[in-house]
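Chain by chain, the residues:
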Amino acid sequence: METAYVSERINRLSESATLAAAQKSRELKAKGIDVINLTLGEPDFQTPLFIKEAAKKAIDDNYSYYSPVAGFPQLLEAIVNKLKRENQLDCQPAQVVVSNGAKHSIANVLQVVVDKGDEVIVPAPYWVTYTDLVRYSEGIPVVPESTVGNNFKLTPAQLEEAITPKTRAFIFSSPCNPTGSVYTREELRAFAAVFARHPRIIIISDEIYEHIVYDVPFESIAQFPEIRDRVVVINGVSKSYAMTGYRIGFMAGPQWIAKACNKLQSQFTSGPNSVAQIAAAAAFNHDGSEVRKMVARFRIRRDLALSLLREIPGLKTATPDGAFYVFPDATAFFGTTDGEMTIRNADDLCYYLLSKGHVGLVSGEGFGAPNCFRISYAASEEQITGALARIKTALAALKPTR
Ligand code: PLP
């Protein structure tokens, strides 16, 4: 009898496309090839000193025991205060559950609200993890698409059209990974008006890039009173505070969802790492000056990446107003070859740019946008300049197959 098989549930998951692309870059590097890796979505800055100090103090203060499942009271309070101070949201500690990163919070929420056969609207381009987690929760992703032409933004009409009696949830990120698009208050208000007509839908708002915006204000869909009691805000410390390895994120939403997440987490992981929780509380209580310094550096890099990209004939690029990604459309290169490799889609193009140009990028395929690829500019100016020069040269070598 065959024993070496895994559950059907785990087979529904695919491996993270971004982590797989990063792995390919590392493999080439290990062979001694000078690869510039722009695949990963994490700040290249160090965690601010005051946060490191808080973590060290937590160790000395013996934060070495289990925490409450939903997080230490002082962290919940710091999150409640952050939501009030920065987002004008009133929320009680019992509405918040802290988890091992925003990814874990999203996994919890989807598992507690989605039943088998429920539809979850995931506008494309989307963060790779959403559709897999929906499928893992036995839900069905429904994916309305947008393109570079409309700045990768879903329209209220598309949203309305995607809703059926089976729709249970909607999940999106603004600022968006992978496109960098940021919804305005008016655009979110229009979504809220659609949701107001469909009271069964839970709105999951992934706000992990909240602080990383350029020239435009961050707006949360949770601000609209008509849907407030159905919005789950997801956030954390990974991106804003350069704390990806600390693994702290949270959900804040209706108490009945928080209670269910607490129950799930009590059986799966217990409360997250105690020391990291204390460090995260220091981050949430901070005045934001460290974040602003990082954002100023990201802005210089975004402008650099954009200006260099716009010098490359054939690529179509929208201006990203947030996060640290650019997401060019590369359709013009499909059906080309350098004489050895043929480019049929974004997967081929990223493979070509890695093997011939030695730049690690992520194909849009995993983000539900097969015409595009993602460049992360969370890298030094020197790396960005070098990578874009390599991309320009490699793309110039491609000629139509016929
Ligand atoms: N949400 C989005 C849109 C992301 O891009 C990421 C990380 O890449 C996360 C969530 C995960 O954040 P965390 O490190 O807190 O799990």
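Scroll up a little and you will see the structure.
Bear in mind the structure is a predicted one, so any value in this text is a computation, not a measurement. (Residues numbered from 1 in each chain as written. Predicted model: local features only at pLDDT ≥ 70, side-chain atom pairs only at ≥ 80, totals over all residues. Heavy atoms only, no water.)

K.L.:
Would you explain the sheet that holds strand β8 (residues 249-252) in this entry?
P.N.:
What links the strands of a sheet is backbone hydrogen bonding, and the strands pair in either a parallel or an antiparallel sense. With mixed pairing, seven strands are arranged side by side in an open sheet as β2-β8-β7-β6-β5-β3-β4. Edge positions in the open sheet fall to β2 (96-99) and β4 (140-142), since each of these has one partner strand only. In this sheet, neighbouring strand axes are inclined to one another by 20 degrees on average, regardless of whether the strands run parallel or antiparallel. Bridge analysis of strand β6 (residues 202-206) against strand β7 (residues 231-236) gives four bridges, and the strand direction is parallel. Each bridged residue has a counterpart across the sheet, and for I204 the counterpart in β7 is V232. Helix α5 (residues 102-113) contacts β2, β3 (119-121), β5 (167-173), β6, β7 and β8 of the sheet and is inclined by roughly 160 degrees relative to β7. On top of the sheet, helix α6 (residues 129-136) reaches β3, β4, β5 and β6; it is set at about 145 degrees to β4, its chief contact. (Pairing = 2+ DSSP bridges. Helix = DSSP H or I, 4+ residues; strand = E, 2+ residues; numbered from the N terminus. Axes fitted to C-alpha atoms, helices over the stretch in contact; angles between N-to-C directions. Contact = heavy atoms within 4.5 Å.)

K.L.:
Please explain the pattern of salt bridges as it appears in this structure.
P.N.:
Oppositely charged side chains may form a pair once their charged atoms are brought near each other. All told, the structure shown has 26 salt bridges when counted by the stated rule. K356 is the salt-bridge partner of D338, the closest N and O atoms lying 2.5 Å from each other. One end of the pair, D338, is in the loop between β10 (336-337) and β11 (342-343); the other, K356, is in the loop between α12 (346-355) and β12 (359-360), with 18 residues separating them in the sequence. In this structure, a network of salt bridges that share partners links the residues D44, R297, R301 and E381. (Salt bridge = Lys/Arg side-chain N within 4 Å of Asp/Glu carboxyl O.)

K.L.:
So what exactly am I meant to see when it comes to the sheet that holds strand β9 (residues 325-326) here?
P.N.:
Taken in spatial order, the three strands line up as β9-β14-β13 in an open sheet, and their pairing is antiparallel. Looking at the sheet topology across the chains shown, the edges are occupied by β9 and β13 (362-363). Bridge count between β9 and strand β14 (residues 373-376): two bridges; the pairing is antiparallel. The residue bridging V326 from the neighbouring strand is I375, located in β14.

K.L.:
Honestly, the site of the ligand in this entry has me stumped. Any pointers?
P.N.:
Taken together, the neighbourhood of the ligand is formed by 13 residues, with A102, N177, D206, Y209 and K239 sitting nearest. One of the backbone nitrogen or oxygen atoms of A102 is found 2.7 Å away from an oxygen atom of the ligand. S238 has a polar side-chain atom sitting 2.7 Å from an oxygen atom of the ligand. Contact with the protein chains covers 92% of the free accessible surface of the ligand, which is 400 Å². Classifying every residue of the shell around the ligand by side-chain character gives five nonpolar, four polar and four charged. (Near = heavy atom within 4 Å. Polar contact = N/O pair within 3.5 Å; in protein donor to acceptor, adjacent residues only side chain to side chain. Areas by Shrake-Rupley, 256 points an atom, 1.4 Å probe, with all protein chains shown as cover. Nonpolar A, V, L, I, M, F, W, Y, C, P; charged D, E, K, R; others polar.)

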